[in-house]
Structure formats: structure tokens, C-alpha cells
Amino acid sequence: MKKINKIFKKSKSIALDTYLEKVLYDKSFGYYQKKNPFGINGDFVTAPNISNVFCEMISIWLISFWENLGKPKKINFVELGPGNGDFCLALLKTIKNFSEFGKCLNIMLYEKSEKLIKIQKNRIISEKVSWIKNLDKIKKGPVVFFGNEFLDALPIKQFRKINNHIYEKYAYLNKNKIDFIFKKAQKIQVSKLKNYELLHGNGIIEYPEYGFKELNIVCSKIKKLNGGALFIDYGYKTENNIDTLQSVMKHKFNDIKKNIGNADITSLVNFSLYKKYFNSNGLLVEDIISQSKFLQKMGILERIRIAGNKMGKKEKQDLYSRVHRLINPNMMGRDFKVIFTKNKNCNFSLAFK
Ligand SMILES: C[S@@+](CC[C@H](N)C(=O)[O-])C[C@H]1O[C@@H](n2cnc3c(N)ncnc32)[C@H](O)[C@@H]1O
């Protein structure tokens, strides 16, 4: 707690997103800087941890996009927030079966956590892969960005409307414990909420200012160099003005004010808002679809049927139950959604139509 107290040295309260940035990424106590949170011994599992076939479907989608772009001699693929590196390892394995594409592919990993970069570098040994700290380093296109559970990990702001005035959520120390208060929001923040038509409902208004800042450069690279960005995450399409911040530790929900630096904190992604954001940045989003639809359109069921033919009973059962978890609407199939943004003149829409 002593280390955490330091973040309130300069001012007694800090905006929610600044606070989240510190508790997740501060070099000395940030959650992602000291833990490997993935897998049964960690705090949560993600789709690439659950099954390689998830990664195969994304890899096949990427190869099809490359074909649609006219098979350019070089294509940059940037994974945003690669976690423990499972996706990248599976992609490298898949491209062994697609040598023409493999020769053209250049992979860049964009990761904020030093601890995770170390883990990734230990696991991923390939001359095709490099790590970048700044997306501006990407000078040549086309470029395809991909983030699985990247958007939900980015800090958000929260606001509330009280008697027609807008207030922003701040974190502060209350008798040595973290607590939250609402303070009058700055005019500039209110006008951003207005621009995105977020002020009509009552309750909590969530705004991913940090996420938009991260994606500004993604949008400008797509416009300039051609390509697109695919994001998969849990979230919603219709706003209902609820507080979606959640904390998880050892696979269980955790009180957001407790175990700071030892528990993950995320929020649900407002997909319609991201769609508006991409459209207002000159890109195109045709549809937001469920993970279940995406994976099935990409042929995941045929893939496991063929793979299952070569497997023993136990192995086959394991594969089927993992894929069931990914596509069943009551598990990850519906709550996880997929958004793809691209240039307005791009006609690639595999899995979305
Ligand atoms: C929930 S994990 C998902 C990891 C991985 N994509 C997966 O599906 O297993 C979020 C990842 O995004 C990274 N991350 C969060 N904010 C970031 C940022 N601003 N820049 C780069 N990486 C970031 C985290 O460190 C972590 O690797």
C-alpha cells in the first residue's frame, strides 16, 4: 500500500483512467509488471490460451486478407497486447503450411508490460518477429493490427449525470484505503461525451479516452499504408449506462478496491462507440459480430471435425469442449464480439457477411 500511496503525492485525487493506468502498469507495483496472469495458475484465461484453433481461424482470416490485398510481397502484422505470446506462437506454426504467405509476413509485437515482453521473448524465437514500443515505427504497408482482449485492458473514464451536470469519477485515499468520488467534469470532457451522443441516459457513462488515443495512430497508419484492424473482446452493442469495471483474481471476481496491483481490472468494451470512433476517423466498420459467428464463418467446426479424425477419444473430447467454450452463446460465444475496421474502398469482409 505504501507504494500505491505515492500516486496521491502530487494531488489528493486522480481521474479513474490515470489511477487504472498506475495500478495496472506502474513499474514498481503495477499488476501487469509483476505477474504472469494467464492460465490455470494465473488469474484468467483468454481464447488463445484455450485453444490453438482459435488462433488458426484468425491466421486463415489474415491470409485471406493478404490475398484480397493482391498478395503484397511484404505485409506487416501487428499484435496489440500479445500477453503470454500464445497467439503469435500459433500463427508462426500455422504459416508453416502457407509458405508463400509466410515469406511475405513480418510480425511486430506491441506490448506495454516489461514483464510480459520478457516472457514473450523467452517463448518466441523467430527472425520474423520483432517488438516495437512505438507504432509510429511502422513505415511501410500494408499493415494489419490485431488485438484479442486488448481494448478491455485499456483504462477508461467514468462520468455521471446529476441534475443535468456532468461529474467525473476520481480515485482517492480514504483512511488509507482506495475509494472513489465524483467531481465536476471539465468542459472539454463534456463536449467529447456530447460529440459521441453519450449524454442521453442516466447512470454511469463510460468513455475510453485512453483507448482512443492508442487507436489514433492505428487509424492513421491504416489510412496511409492500407490494411485494417481486427479486435476481439467482451462487450456490448447497446449502452445501458452501467458501471462495467470488473476485477478478477485467481479466476474469481475481486472487490475492485482490494488486492490492488495483484488483481486485474478491466471493463466491457462499448463496441458501438468504437464503431462511431472508427467511422469518424475516416475508416469503415461494416458490422460487429459475435465471436461465435466469426469462428463458425471461418470454418472452426469443419477444422475440428478434420483434426478430430486423427485423435484418440480423450484428445478429441478435450478439443471439442474447448471449442464449445469459445462458441457457445452461454459461454464466450455471444459476450465476445468481433469488430473489423478498414479503408472505405476495401471490399474484404470475410466472416462478417
Ligand atoms: C488481457 S491481456 C490479453 C493478452 C492476449 N492478447 C491474449 O488474448 O491472451 C491484455 C494485453 O494487453 C497489453 N496491454 C494493455 N495495455 C497496453 C498498451 N497500452 N500498449 C500495449 N500493450 C498493452 C497487456 O500488457 C496484455 O499483454
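Residues numbered from 1 in each chain as written. Predicted model: local features only at pLDDT ≥ 70, side-chain atom pairs only at ≥ 80, totals over all residues. Heavy atoms only, no water.

### Considering the overall build of the protein chain
The line we're drawing: Helix and strand labels come from DSSP, where a helix needs a run of H or I of at least four residues and a strand needs a run of E of at least two; each type is numbered from the N terminus. It is over C-alpha atoms that the radius of gyration is taken, and the globule rule equals 2.2 Å times the number of residues to the power 0.38. Relative accessibility thresholds used throughout: buried, under 20% of the residue-type maximum; exposed, over 50%; partly exposed, between the two (1.4 Å probe, protein chains only). Any two residues having at least one pair of non-hydrogen atoms within 4.5 Å are treated as being in contact. Each accessible area is a Shrake-Rupley result for a 1.4 Å probe, and residues are judged covered by the shown protein chains and nothing else. The convention is simple: Lys and Arg are positive, Asp and Glu are negative, and His and the chain ends are not counted. To locate a charge, take atom NZ for lysine, CZ for arginine, CG for aspartate or CD for glutamate.
Helices and strands together make up the secondary structure of the protein chain, namely 15 helices and 16 strands. For the protein chain, whose C-alpha radius of gyration is 21 Å, the value lies close to the compact-globule estimate of 20 Å for 353 residues. Viewed in the frame of its principal axes, the protein chain has a C-alpha envelope of about 60 × 45 × 40 Å. Classification of the 353 residues of the protein chain by burial places 56% in the buried group. Counted over contacts in the protein chain with a minimum sequence separation of 6, partners at least 24 positions apart contribute 73%. Carbon and sulfur atoms provide 50% of the accessible area of the protein chain, an area that totals close to 17200 Å². Of the charged side chains in the protein chain, 63 are positive and 32 negative; the average position of the first set lies 3 Å away from that of the second.

### A few points about the packing of aromatic side chains
To keep things clear, this is the line we draw: Here a Phe, Tyr or Trp ring, Trp counted by its six-membered ring, pairs with any other such ring whose centre lies within 6.5 Å, and the pair is stacked when the planes are under 30 degrees apart, edge-to-face when over 60, and tilted otherwise. Counting as a charge over the ring demands two things of the Lys NZ or Arg CZ atom: a distance within 6 Å of the ring centre and an angle within 35 degrees of the ring normal.
Applying the stated criterion across every chain, the model contains 26 aromatic pairs. The interplanar angle of 10° and the centroid separation of 5.3 Å between the aromatic rings of Tyr25 and Tyr32 together place this pair among those described as stacked. In this structure, Tyr25 and Tyr32 share a single accessibility class: buried. Both rings, one in Phe65 and one in Phe340, keep their centres 5.5 Å apart while their planes meet at 85°; by these two values the pair is edge-to-face. Of this pair, Phe65 sits in helix H5 (residues 52-68) while Phe340 sits in strand E16 (residues 336-342); the two residues are 275 residues apart in sequence, bridging distant segments of the chain. Phe340 matches Phe65 in its accessibility class, with the two residues each being buried. The rings of Tyr196, Tyr207, Phe212, Phe231, Tyr274, Tyr277 and Phe278 are connected pair by pair, giving a single aromatic cluster. Stacked on the ring of Tyr25, the Lys or Arg Lys112 has its end atom at 5.4 Å from the ring centre.

### Re the nonpolar core
Our working rule: We call a set of buried Ala, Val, Leu, Ile, Met, Phe, Trp, Tyr and Cys residues a nonpolar core when their side-chain atoms join them within 4.5 Å.
Counting residues in hydrophobic clusters, the biggest one holds 51 residues, and the most contacted among them are Trp61, Phe77, Leu105, Ile107, Leu230, Phe294 and Phe352. Tallying contributions element by element places H5 first for this core, with ten residues. Non-local contacts of Trp61, meaning those with residues more than four positions away in its chain, are made with Val144, Leu230, Phe294, Met298, Phe340, Phe348, Leu350 and Phe352. Within the second largest apolar cluster, 41 residues are counted, among which are Val143, Phe159, Ala229 and Val269.

### Focus: helix H8 (residues 114-123)
Inclusion rule: Arc, as used here, means the arc of the directions from the helix axis to the C-beta atoms.
Along H8, the residues classified as buried are Leu116, Ile117, Ile119 and Gln120. Taken end-on, H8 shows its buried residues confined to a sector of 160°, consistent with a single buried face. For H8, the exposed residues set more than 90 degrees away from the buried face come down to Lys118 and Asn122. Contacts made by the buried residues of H8 are with helix H3 (31-34), strand E3 (105-110) and strand E4 (129-132).

### Thoughts on the sheet that holds strand E11 (residues 246-249)
This is how it is decided: Two strands qualify as a pair provided that DSSP identifies no fewer than 2 bridges between them. A fitted line through C-alpha atoms serves as each axis, taken over the contacting stretch for helices, and the angle formed by two N-to-C directions is quoted from 0 to 180°.
Taking strand neighbours across the sheet as the criterion, the three strands line up as E12-E11-E13 in an open arrangement whose pairing is antiparallel. The open sheet has two edge strands, strand E12 (252-254) and strand E13 (264-266), and neither has a second partner. Neighbour-to-neighbour, the strand axes of the sheet open up by a mean angle of 40°, direction not taken into account.

### Focus: the packing of H5 against helix H6 (residues 86-95)
Test applied: Note on terminology: angles under 35 degrees are roughly parallel, angles over 145 are roughly antiparallel, angles of 65 to 115 are roughly perpendicular, and the others are oblique. Take the far helix as your reference; a near helix turned counterclockwise from it by less than a right angle gives a left-handed crossing, and one turned clockwise gives a right-handed crossing. In the scheme used here, Gly and all other residues not listed as nonpolar or charged are polar, with Ala, Val, Leu, Ile, Met, Phe, Trp, Tyr, Cys and Pro taken as nonpolar and Asp, Glu, Lys and Arg as charged.
Relative orientation of the contacting elements H5 and H6 amounts to 60°, with a least axis distance of 9 Å. Relative to H6, the element H5 is oriented oblique. Of the two possible hands of crossing, H5 and H6 adopt the one that is right-handed. Contact with H5, carried on its side by Asn52, Cys55, Glu56, Ile58, Ser59, Ile60 and Leu62, involves Asp86, Phe87, Ala90, Leu91, Lys93 and Thr94 of H6 and no other residues of that element. Among the residues making up the contact of H5 with H6, the classes are represented as seven nonpolar, three polar and three charged.

### Digging into the side chain of Glu168
This is how the line gets drawn: Throughout this description, a polar contact denotes any pair of N or O atoms lying within 3.5 Å of each other; where both atoms belong to protein, one of them has to be capable of donating a hydrogen while the other can accept it, and for residues adjacent in sequence the pair is counted only when both atoms sit in side chains.
In this fold, Glu168 is placed in strand E7 (residues 165-174). The exposure class of Glu168 is buried, given its relative accessible area of 3%. In this structure the side chain of Glu168 is engaged in a polar contact, spanning 2.8 Å, whose partner is the side chain of Lys157. Leaving out residues up to four positions away in the same chain, Glu168 has contacts with Ala15, Lys157, Gln158, Phe159, Ile181, Phe182, Lys183, Lys184, Ala185 and Gln189.

### Details of the packing of helix H10 (residues 209-225) against helix H11 (residues 271-280)
Packing of H10 against H11 brings their axes to within 11 Å, and their N-to-C directions diverge by 40°. The pairing of H10 with H11 is recorded here as oblique in orientation. The chirality of how H10 crosses H11 is right-handed. Every residue of H11 that contacts H10 at Gly211, Phe212, Leu215, Asn216 and Cys219 is listed here: Leu273, Tyr274, Tyr277 and Phe278. Of the residues that constitute the contact of H10 with H11, the class distribution is seven nonpolar, two polar and no charged.

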